[in-house]
Number of protein chains: 2
Amino acid sequence: MSEKQDTKSRILDAAEKLFGLKGFDATSLRDITAEAQVNLAAVNYHFQSKDSLIDAVIARRIEPVNRRRMEMLDAAGSHPNLKQILTAFLAPVLDQDLGSVVPLLGRMMSDPTQFVEKVFRKHLAQISQRFQEALQEQLPELAPAELLWRTHFTVGVMTHLMSLSQVLPALTGGLCDISDRQALIERVVTFAAAGYRARAAEPALTEGKG
Amino acid sequence: MSEKQDTKSRILDAAEKLFGLKGFDATSLRDITAEAQVNLAAVNYHFQSKDSLIDAVIARRIEPVNRRRMEMLDAAGSHPNLKQILTAFLAPVLDQDLGSVVPLLGRMMSDPTQFVEKVFRKHLAQISQRFQEALQEQLPELAPAELLWRTHFTVGVMTHLMSLSQVLPALTGGLCDISDRQALIERVVTFAAAGYRARAAEPALTEGKG
DNA sequence: GTCTATAGGTTGATAGAC
DNA sequence: GTCTATCAACCTATAGAC
């Protein structure tokens, strides 16, 4: 759409695209400035360092997602049910641009190297707490640790969808089409909600038939 | 245990550890040879290129996992139930060394760049087909595409566990302890089995209360 | 703000002695 | 098989002209 953009935005757009496509380490500043059609020195002028650029690229996309999550959770009232909570958590992510934002967020979520410091503590700790409380209210019989495990599992479903979003059609011979967002979100929510509601295994008993 | 190892194995061990810790791109051959305490040129002598080394590192760990998966699936008889199928698929992965193999497999599964060619087509396509058939037999009411989606979700749960295995205790304030493998496997199987069994959403209807 | 030029370091890979 | 030495290419970052 917009023919002309300022240098800073062009760099952010190009970085986002390439980080998602090739990963943070495999993308050089030269790759980015070539894609953005700006001068190499512009990156350091506007963002000081590659590491700060990564921070900026991530923050630009995760913060609006988190705001939308809170909006949707609030909109569901003071006692949102399980599917409303899960939808508020997942939909804002899966509704993003499949060509750049989704792969970027996938890289961000699945790279353990600096995930704790760069992503979780800065952007996810607070909102996770809020959703965890809402979930616990709907699932009072679930021990907090068990609830946390299942949230970790659900985040895994979401993360893997984002990481492999670009290759999923090829992987499944076209059977899994990721472009219908609404259907995808409902699918994930259905799957995760059933997982949350599963009766926790009782370690002391011999296991029953599956 | 083994004090003395041949150069080739030392390189594989060091590469596995560092690839898991820092990722494929961020790990240089010099990092690897320093860790393995071997000469830099030894890598190219034994493995030709970094890319071939990555292949070798992956193949060494995924192939035994796949053999074990098939063993467990076969051991469950000709009509394994859902939990038996899921356990056969997940347990051989989650039972691996948490300090090196699990993080490596996590990197491998969550890097979309060459996942299709380097990992899926070479190591996962065939076994996926076999498990998909077993699952379909137990879940005949589920459309093949829907089944595939849920398998993708389940692989996401597994992958995210592997990717963040090193940081999960720190992330959850120690609440989620990954060292009890048996309990973890049961937790994942319980969650995924419930997800597989969830009634598929019917797009035409207005949604019921969650 | 944008550019050129370049510093200073790392990378994967190889040639050739032993 | 293992080593030293090295190449050519690449990297991030910055200094300084405009």
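This section reports on the structure supplied with the text. (Residues numbered from 1 in each chain as written. Chains lettered and ligands numbered in written order. Predicted model: local features only at pLDDT ≥ 70, side-chain atom pairs only at ≥ 80, totals over all residues. Heavy atoms only, no water.)

### Digging into the interface of chain A and chain B
1) Next: Chain A puts 55 residues into the contact, and the matching count from chain B is 55 residues.
2) Next: Overall, the association of chain A and chain B removes approximately 5000 Å² of surface from exposure, summing both partners, and the carbon and sulfur fraction of that is 70%.
3) Next: Of all residues in chain A, the largest losses of buried area upon contact with chain B belong to Trp149(A), Phe153(A) and Phe191(A), amounting jointly to 16% of the total for that side.
4) Next: For Glu146(B), the salt bridge identified is with Arg187(A), shortest N-O distance 2.8 Å.
5) Next: Counting across the interface, chain A meets chain B through 6 residue pairs in polar contact (both at pLDDT 80 or more).
6) Next: Those elements that place two or more of their residues in the side of chain A that touches chain B are helix H1 (7-22), helix H6 (101-110), helix H7 (115-138), helix H8 (144-163), helix H9 (168-171) and helix H10 (181-197) of chain A.
7) Next: In terms of residue count, H8(A) provides more of the side of chain A that touches chain B than any other element does, 15 residues in total.
8) Next: Here the residues of the side of chain A that touches chain B are counted per class, giving 29 nonpolar, 13 polar and 13 charged. (Contact = heavy atoms within 4.5 Å. Buried area = accessible area lost by both parts, 1.4 Å probe. Salt bridge = Lys/Arg side-chain N within 4 Å of Asp/Glu carboxyl O. Polar contact = N/O pair within 3.5 Å; in protein donor to acceptor, adjacent residues only side chain to side chain. Helix = DSSP H or I, 4+ residues; strand = E, 2+ residues; numbered from the N terminus. Nonpolar A, V, L, I, M, F, W, Y, C, P; charged D, E, K, R; others polar.)

### Let's talk about the environment of Ala34(A)
Residues and elements named next belong to chain A.
1) Next: Take Ala-34: it is sitting in helix H2 (residues 29-36).
2) Next: Assessed through its relative accessible area of 53%, Ala-34 is described here as exposed.
3) Next: The spatial distance from the C-alpha of Ala-34 to the C-alpha of Ala-14 is 8.7 Å, given a sequence separation of 20 residues. (Buried < 20%, exposed > 50% of the residue type's maximum accessible area, 1.4 Å probe, protein only.)

### A short note on the side chain of Arg107(A)
1) Next: Tracing the backbone through its elements, the reader meets Arg107(A) in helix H6.
2) Next: Not counting the four nearest positions on each side in its chain, Arg107(A) is found in contact with Phe19(A), Gly20(A), Leu21(A), Lys22(A), Gly23(A), Phe24(A), Asp111(B), Pro112(B) and Thr113(B).

### Notes on the protein's contact with DNA strand C
1) Next: Near DNA strand C there are 14 residues, and of these Thr7(A), Asn39(A), Leu29(B), Arg30(B) and Lys50(B) occur at the shortest range.
2) Next: Considering DNA strand C, the proportion of its atoms within 4 Å of the protein that are sugar or phosphate atoms stands at 56%.
3) Next: Contact distances for DNA strand C include 2.9 Å between a phosphate oxygen and a side-chain N or O atom of Thr7(A).
4) Next: Interatomic distance of 2.8 Å between a side-chain N/O atom of Arg30(B) and a base nitrogen of DNA strand C.
5) Next: Going through the elements one at a time, helix H3 (40-47) of chain A together with helix H2 (29-36) and helix H3 (40-47) of chain B are the ones with two or more residues in the surface near DNA strand C.
6) Next: In terms of residue class, the surface near DNA strand C is made up of 5 nonpolar, 7 polar and 2 charged. (Near = heavy atom within 4 Å.)

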